[in-house]
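The residues making up each chain are set out below.
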Amino acid sequence: MVNDHDIESSIRSRLNTKFVGRHLYYYHQLPTTMGTAKDLVKKGAAEGTVVIAGTQTAGKGRIGRTWLSPDGSLAMSVILKPPLKNLPQLVMIASLSVVSAIKQVAGLKAHIKWPNDVMIKDKKVCGILIENEVKGGRVNFAVIGIGINVNFNPLDFPEIADIATSLSHETGTEISHIELTSTLLSELERLYLGVQAGAAVHREWQKKMETLGKRIKVNAGKTVEQGKAETVTENGNLILRRADGSLAEIVAGDVTVIKE
Ligand code: BTN
């Protein structure tokens, strides 16, 4: 059996990064990697520190939802400390690095559903959750949580069977967690350094977003908007054209594509 330390060093040895994953902690099981990452922040963890769990018992999803992390999934949190102006781009670099790692390691074409679900065809393969603390115009920390369905059969889990897929389910073969994780972290750092140097990651994000051009319904907490998804702003907000021709700018919400 491979021990936690071997997994940590296998990932680290494949990394092509300056700081992301240079401090990397692998746990067989955790309640949630988000909690462990935030505890590490309090203890002064360096930017780029990564926490990975084999399984999570209390995985956190967006909008207060739970996230299923059975054996065979990848649950990971990355601590970053970006300049405030780059905070909105974290969602873009996170989803783009997942799409790229999936292509490189599993050979599958994935796309993005606004704001940050990664999909294969119409099924979700990855969820992203970003938590941050901003004080006095400064980002104290941002934690990017990434959950990928890698090697399990979604049909074994009735709660997600209709809406989710996994990489092994799509390819019919097991995918290397180590390769996927190291490729993903390398991509994440490349894009993160790129945006800080002024790269227009938003255009790349827009290209991979299949939500655009579709008729959608967005549940944004207290309001529900319906219309055609026109574009995304540089800050990652969704621009929707309502039936009366007016525009709505949506900051956060849950999108359902209306089948026509
Ligand atoms: C979503 O689509 O609702 C976001 C899901 C985010 C799941 C990941 S798994 C790693 C990290 N730890 C958690 O508890 N959640 C995120």
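Residues numbered from 1 in each chain as written. Predicted model: local features only at pLDDT ≥ 70, side-chain atom pairs only at ≥ 80, totals over all residues. Heavy atoms only, no water.

J.: Even after reading the chapter, I still don't get the packing of aromatic side chains, so can you show me in this structure?
T.: Any pair of aromatic rings gets described here by the distance separating the centres and the angle formed by the planes. One pass over the structure, following the stated rule, counts two aromatic pairs. Relative to Phe-157, the ring of Phe-152 has its centre 5.4 Å away and its plane inclined at 85°; by these criteria the two rings are edge-to-face. By relative accessible area, which is 7% here, Phe-152 ends up buried. (Phe/Tyr/Trp six-rings, centres within 6.5 Å; stacked < 30°, edge-to-face > 60°. Buried < 20%, exposed > 50% of the residue type's maximum accessible area, 1.4 Å probe, protein only.)

J.: Is there a simple way to explain the side chain of Thr-32 in this structure?
T.: Mapped onto the secondary structure, Thr-32 falls in the loop between β1 (24-30) and α2 (33-42). With a relative accessible area of 13%, Thr-32 lands in the buried category. Reaching out from Thr-32, the side chain makes a polar contact with the backbone nitrogen of Met-34 at a distance of 3.0 Å. When near neighbours in sequence (up to four residues on either side) are disregarded, Thr-32 contacts Gln-56, Ala-58, Gly-59 and Lys-60. (Helix = DSSP H or I, 4+ residues; strand = E, 2+ residues; numbered from the N terminus. Polar contact = N/O pair within 3.5 Å; in protein donor to acceptor, adjacent residues only side chain to side chain. Contact = heavy atoms within 4.5 Å.)

J.: Looking at this structure, how should I read the environment of Glu-234?
T.: Mapped onto the elements, Glu-234 comes out in the loop between β9 (223-232) and β10 (238-241). Once residues within four sequence positions are removed from consideration, Glu-234 is found in contact with Gln-89, Met-92 and His-202.

J.: Could you clarify how one ought to interpret the sheet that holds strand β8 (residues 215-220) in this entry?
T.: By way of backbone hydrogen bonds, the strands of a sheet pair with one another, either parallel or antiparallel. The strand order across the open sheet built from five strands is β11-β10-β9-β8-β12, with neighbouring strands paired in antiparallel fashion. Each end of this open sheet is capped by a strand with a single partner; those strands are β11 (247-250) and β12 (254-257). Neighbour-to-neighbour, the strand axes of the sheet open up by a mean angle of 45°, direction not taken into account. Relative to β9, β8 is paired through six bridges, and the arrangement is antiparallel. Bridging from a neighbouring strand, Val-218 pairs with Glu-225 of β9. (Pairing = 2+ DSSP bridges. Axes fitted to C-alpha atoms, helices over the stretch in contact; angles between N-to-C directions.)

J.: In this structure, what is going on with the pairing of β10? I would like to understand it.
T.: In summary, the side chains of a regular strand alternate between the two faces of the sheet. Two elements, β9 and β10, share four bridges in a ladder whose sense is antiparallel. Looking across to β10, one finds that Val-232 is bridged to Leu-238. In the sheet, β10 pairs with β11 via four bridges, with the strands oriented antiparallel. The partner of Leu-238 across the bridge, within β11, is Ile-250.

J.: Would you take a moment to explain the nonpolar core for this structure?
T.: Counting 60 residues, the largest nonpolar core has Ile-148 and Leu-167 as its most contacted members. Looking at this core, the element that brings in the most residues is helix α3 (residues 90-106), giving eleven residues. With near-sequence residues (within four places) excluded, Ile-148 lies in contact with Ser-73, Leu-74, Val-98, Val-125, Cys-126, Leu-167, Leu-180 and Leu-184. Judged by nonpolar contacts, the second largest core, of twelve residues, contains Leu-30, Ala-37, Ala-45 and Leu-129. (Core = buried A, V, L, I, M, F, W, Y, C linked by side-chain atoms within 4.5 Å.)

J.: I would appreciate a short explanation of the site of the ligand in the present structure.
T.: The environment of the ligand is formed by 20 residues, the closest being Thr-32, Thr-33, Lys-60, Arg-62 and Lys-124. For the ligand, an oxygen atom lies 2.7 Å from a polar atom in the backbone of Arg-62. Here the ligand has 420 Å² of accessible area as a free molecule, and 98% of this is covered by the chains. More than half of the atoms of the ligand fall within 2 Å of the grid points belonging to the largest pocket. Looking at the shell around the ligand, the elements with two or more residues in it are α2, β3 (73-80), β6 (123-135) and β7 (138-149). It is β6 that provides the largest number of residues to the shell around the ligand, a total of four residues. Residue composition of the shell around the ligand, by class: seven nonpolar, nine polar and four charged. (Near = heavy atom within 4 Å. Areas by Shrake-Rupley, 256 points an atom, 1.4 Å probe, with all protein chains shown as cover. 1 Å grid on protein atoms, 1.4 Å probe; cavity = no way out; pocket = protein on both sides within 12 Å on 5 of 7 lines; lining within 4 Å. Sits in = over half its atoms within 2 Å of the grid points. Nonpolar A, V, L, I, M, F, W, Y, C, P; charged D, E, K, R; others polar.)

Interpretation note: all reported values are geometric properties and have no functional meaning in isolation.
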